[in-house]
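Results of the structural survey
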Amino acid sequence: MAFDEVVFPLTPSYGTSDSVDHGGDHFQSKGGRLFYVAHSGDPVRRWNLQLDRRQKTEIANLSRFMLARRGGRNGFRFTDPRDYTTNQDGRSAYGYLDTLIGIGDGSTRAFQLLKNYISGSSAVSRIITKPVPSEFAAGVNGVLTDPSDYSLDATTGIVTFDTAPSLGLAVTAGYEFHIPVSAGPQADRGFGVQFDAYNSETGVDLDLIELLPEDATQPLTIGHRGSTTSDNPSGYVAVERLGPLVWEITDSSTTGWLLPDPQGLWPGGPYYALVNNSGTSKAVQYPSGAVTFGAVSASSARRVFLVRNSTTGQYTWTLL
């Protein structure tokens, strides 16, 4: 789909509603057990905009905007009135420590922007591709970074530092952002306007649908690695793409964790939280050849991030 880097021109009226579609289904077995099947890794947000009693100039501007987008053919930027900053409440002022977007490895300079949604011990990370350049701040190791020391691509949400953050240093960011969206099907059938009074008009309800990154709907898999040497152990389950999924081992006979191939995924995280309550150290491995790249000590936990090697261009898992 074509995308225009322009912002929806009006602020929605009261009565606007939004929803989040996680794309899953519930199934109940004959024995009464309830199962949930996730068809995608990332939820899709939708809005039904109310545009009541606007000045004629506002509605005229909106009509031109929709004509230029050719109905639902071209995507555009939209400010979600309930979630447009990296602050946890979505509206309060942002800070450069708001969101962890990666861990330095001494060579990676580019990091994909994220927003982390935290509730209790669980968290979900959302890829942000349309930040507002004038409302952005980044930091490394808890220190605010001067804007002259990095560049921000406002069309992809990738921040590139002049100097790669050193190994193990947390890279954080805070900012305001837009959502890439497309108008719903009714935009292709004509955008209607109701005349209310002199110099006052109302736009007919308009639906917007979030546009996800091209590869954002592919679920990841992760599994326990058993005592065998098979590269494809049983016990794999579909998980949410940018978890973190908390994956616990309590069985001392289990060798460790087998992570999926990270190539083609977005850098950042955390993707997983690995908890070892088995009493002995457990290995963390790649699927191909079961290559061990780390371990989780007994009675401890590690978080898994994805980093990019700037020399080889390959993506690798790393533990924090």
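The shown structure was predicted, so the numbers you read here are calculated from the model rather than taken from an experiment. (Residues numbered from 1 in each chain as written. Predicted model: local features only at pLDDT ≥ 70, side-chain atom pairs only at ≥ 80, totals over all residues. Heavy atoms only, no water.)

Right, let's talk about the nonpolar core for a bit. Phe8 and Leu208 are the most contacted members of the largest nonpolar core, which has 32 residues in total. Of all the elements, strand β15 (residues 170-177) adds the most residues to this core, at four residues. Setting aside residues up to four positions removed in sequence, phenylalanine 8 forms contacts with Leu49, Leu62, Phe65, Phe76, Arg77, Phe78 and Leu206. Of all hydrophobic cores here, the second largest spans 15 residues; its members include Leu259, Leu274, Val296 and Leu319. (Core = buried A, V, L, I, M, F, W, Y, C linked by side-chain atoms within 4.5 Å. Buried < 20%, exposed > 50% of the residue type's maximum accessible area, 1.4 Å probe, protein only. Helix = DSSP H or I, 4+ residues; strand = E, 2+ residues; numbered from the N terminus. Contact = heavy atoms within 4.5 Å.)

Per-residue pLDDT for the protein chain has a mean of 78; in total, 75% of the residues score no lower than 70. Within the protein chain, the lowest mean pLDDT, 33, falls on strand β20 (residues 237-239), and the highest, 97, falls on strand β11 (residues 131-140). (pLDDT = per-residue confidence, 0-100.)

Summed over all chains, the structure comprises nine salt bridges. Between aspartate 21 and arginine 46 there is a salt bridge, and its shortest N-O distance comes to 3.8 Å. Of this pair, aspartate 21 sits in strand β2 (residues 17-21) while arginine 46 sits in strand β5 (residues 44-55), and the two are 25 residues apart along the sequence. Ionic contacts of the salt-bridge type, sharing partners, join the residues Arg45, Asp83, Lys115, Arg126 and Glu210 into one network. (Salt bridge = Lys/Arg side-chain N within 4 Å of Asp/Glu carboxyl O.)

With antiparallel pairing, three strands are arranged side by side in an open sheet as β8-β14-β13. Strands with a single pairing partner mark the edges of an open sheet, and in this sheet they are β8 (110-112) and β13 (150-153). The mean inter-strand angle of the sheet, taken between neighbouring strand axes irrespective of direction, is 20 degrees. When β8 meets strand β14 (residues 158-161), the two strands line up antiparallel, connected through three bridges. (Pairing = 2+ DSSP bridges. Axes fitted to C-alpha atoms, helices over the stretch in contact; angles between N-to-C directions.)

Time to look at the packing of aromatic side chains. According to the stated counting rule, one finds 10 aromatic pairs in the structure shown. Ring geometry for phenylalanine 65 against phenylalanine 76: centres 5.0 Å apart, planes inclined by 85 degrees, an arrangement best described as edge-to-face. In this pair, phenylalanine 65 sits in helix α1 (residues 56-68) while phenylalanine 76 sits in strand β6 (residues 74-78), placing the two residues 11 residues apart along the sequence. Phenylalanine 65 gets classed as buried once you look at its relative accessible area, which sits at 9%. Note that arginine 69 overlies the ring of phenylalanine 65, its terminal NZ or CZ placed 4.7 Å from the centroid. (Phe/Tyr/Trp six-rings, centres within 6.5 Å; stacked < 30°, edge-to-face > 60°. Lys NZ or Arg CZ within 6 Å of the ring centre and 35° of its normal.)

So, about α1. In this model, α1 (13 residues) spans 18 Å end to end at C-alpha, consistent with the 18 Å of a helix rising 1.5 Å per residue. Residues of α1 that are buried include every one of Ile59, Leu62, Phe65 and Met66, and no others. For α1, the arc enclosing every buried residue in end-on projection is 120 degrees, short of the 170-degree limit, so these residues lie on one face. Opposite the buried face of α1, at more than 90 degrees from it, the exposed residues are Thr57, Arg64 and Leu67. (Expected span 1.5 Å × (residues − 1). Arc of directions from axis to C-beta.)

This paragraph deals with the environment of phenylalanine 76. The exposure class of phenylalanine 76 is buried, given its relative accessible area of 0%. The sequence separation of phenylalanine 76 and alanine 2 amounts to 74 residues, and the corresponding C-alpha distance is 9.0 Å. In this structure, phenylalanine 76 is in contact with Phe3, Asp4, Val6, Phe8, Phe65, Arg69, Ile179, Pro180, Val181, Ser182, Ala183 and Leu208, ignoring residues within four places of it in sequence.

This next bit is on the sheet that holds β11. Taken together, four strands build an open sheet; the order of strands is β7-β15-β11-β12 and the sheet is antiparallel. Looking at the sheet topology across the chains shown, the edges are occupied by β7 (99-103) and β12 (143-144).

Time to look at the side chain of aspartate 80. Checked against the element boundaries, aspartate 80 lands in the loop between β6 and β7. Within the structure, the side chain of aspartate 80 is placed 3.4 Å from the side chain of tryptophan 47, a separation counted as a polar contact. Only 3.0 Å separates the side chain of aspartate 80 from the backbone nitrogen of arginine 82, close enough to count as a polar contact. Leave out the neighbours within four places in its chain, and aspartate 80 touches Trp47 and Ile179. (Polar contact = N/O pair within 3.5 Å; in protein donor to acceptor, adjacent residues only side chain to side chain.)

As a further point, take the environment of glutamate 248. Mapped onto the elements, glutamate 248 comes out in strand β21 (residues 245-249). Placed 30 residues apart in sequence, glutamate 248 and serine 278 show a C-alpha to C-alpha distance of 8.9 Å.

Along the chain, lysine 115 falls in strand β9 (residues 114-119). Side chain to side chain, lysine 115 and aspartate 83 meet in a polar contact 2.6 Å long. Leaving out residues up to four positions away in the same chain, lysine 115 has contacts with Asp83, Thr85, Thr86, Asn87, Gly90, Thr99, Val124, Ser125, Arg126, Ile128, Tyr175 and Phe177.

Attention now goes to the pairing of β13. Sheet topology places β13 next to β14; four bridges connect them, and they run antiparallel. Looking at β14, one finds that aspartate 153 is bridged to isoleucine 158. In textbook terms, the turn of a hairpin is the stretch between consecutive antiparallel strands, and for β13 and β14 this stretch comprises four residues, one of which, glycine 157, has a positive phi near 75 degrees.

Another aspect to go through is unusual backbone geometry. You will see that arginine 70, though not glycine, has its phi angle at about 55 degrees, which is positive. Mapped onto the fold, arginine 70 is located in the loop between α1 and β6. Residue class for arginine 70 comes out exposed when judged on its relative accessible area of 52%. Here serine 299, not a glycine, exhibits a phi torsion of approximately 55 degrees, which is positive. Topologically, serine 299 is positioned in the loop between β25 (292-296) and β26 (300-308).

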